[in-house]
Amino acid sequence: MTDRIIRPAEAEKLVGYCDVHIRRLEEAGTFPHRFKLNPDGGPYGAAGWLESWIASYNKLIAAGASAQELRAWVKRLHSKNDSMAAA
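This one's a predicted model, so the numbers in the text were calculated from it and none came from an experiment.

Definitions and cut-offs
Residues numbered from 1 in each chain as written. Predicted model: local features only at pLDDT ≥ 70, side-chain atom pairs only at ≥ 80, totals over all residues. Heavy atoms only, no water. Helix = DSSP H or I, 4+ residues; strand = E, 2+ residues; numbered from the N terminus. Rg over C-alpha atoms; globule rule 2.2 N^0.38 Å. Buried < 20%, exposed > 50% of the residue type's maximum accessible area, 1.4 Å probe, protein only. Contact = heavy atoms within 4.5 Å. Lys, Arg positive; Asp, Glu negative; His and termini not counted. Charge placed at Lys NZ, Arg CZ, Asp CG, Glu CD. Pairing = 2+ DSSP bridges. Arc of directions from axis to C-beta.

J.: I'd like a description of the overall build of the protein, backed by residues and values.
T.: Scanning the protein from terminus to terminus reveals four helices and three strands. When its helices and strands are written in sequence order, the protein yields β-α-α-β-β-α-α. For the protein, whose C-alpha radius of gyration is 13 Å, the value lies close to the compact-globule estimate of 12 Å for 87 residues. Over its C-alpha atoms, taken along the principal directions, the protein stretches across nearly 40 × 30 × 25 Å. Counting every position in the protein, which comprises 87 residues, the buried fraction comes to 28%. In the protein, once contacts between residues fewer than 6 apart in sequence are set aside, the share between residues at least 24 apart is 50%. Side chains of the protein carry 12 positive and 10 negative charges; the gap between the two charge centres is 2 Å.

This is the structure in structure tokens:
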């Protein structure tokens, strides 16, 4: 299965938060961190999330996940993807 890349404008629609609030959640560790689409694109290059990340986030929110549960999920998500990138 291939995951689509969700850009910020679409993510806003899917989760119902503005980009500024999504950035706050990323900083708090309760929302997956976006990744750069072009690592050489500089500080303002295109970025996004995998569609499965957004779908999982929405399921967790709908299930009433606490901030602590969301932080643990984000940590697992990123550690899994970091190990995949290193392989």
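Structure shown, so let's carry the discussion forward.
J.: Explain the side chain of His78 to me, and be specific about the residues and the numbers.
T.: Within the secondary structure, His78 sits in helix H4 (residues 67-86). With relative accessibility at 16%, the residue His78 sits in the buried group. When residues no more than four places from it in sequence are discounted, the contact partners of His78 are Pro32, His33 and Trp53.

J.: So what about the pairing of strand E3 (residues 47-50)? Which residues, and what values?
T.: In this sheet, E3 lies alongside strand E1 (residues 5-6) in antiparallel orientation, the contact comprising two bridges. The partner of Ile6 across the bridge, within E3, is Trp49. Direction of pairing for strand E2 (residues 35-36) relative to E3: antiparallel, over a ladder of two bridges. Bridge assignment links Lys36 to a residue of E3, and that residue is Ala47.

J.: Provide a residue-level description of helix H2 (residues 19-28), including the pertinent values.
T.: Those residues of H2 that fall on the buried side of the exposure criterion are Asp19, Ile22, Leu25 and Glu26. Down the axis of H2, the buried side of the element spans an arc of 115°, and every buried residue falls inside it. Residues of H2 that are exposed and point over 90 degrees away from its buried face: Arg24 and Glu27. Buried residues along H2 sit in contact with helix H1 (8-15), E3 and helix H3 (51-62).

J.: Before we move on, could you go through the sheet that holds E1 and cite the residues and values that matter?
T.: One open sheet holds the three strands; their spatial order is E1-E3-E2, and the pairing between them is antiparallel. Whereas interior strands pair on both sides, the edge strands pair on one side only; in this sheet they are E1 and E2.

J.: Describe in detail the side chain of Glu26, supporting the description with residues and values.
T.: Locating Glu26 in the fold gives a position in helix H2. Once residues within four sequence positions are removed from consideration, Glu26 is found in contact with Phe31, Pro32, His33, Arg34 and Trp49.

Everything listed here is a matter of coordinates, which is why it stays silent on function.
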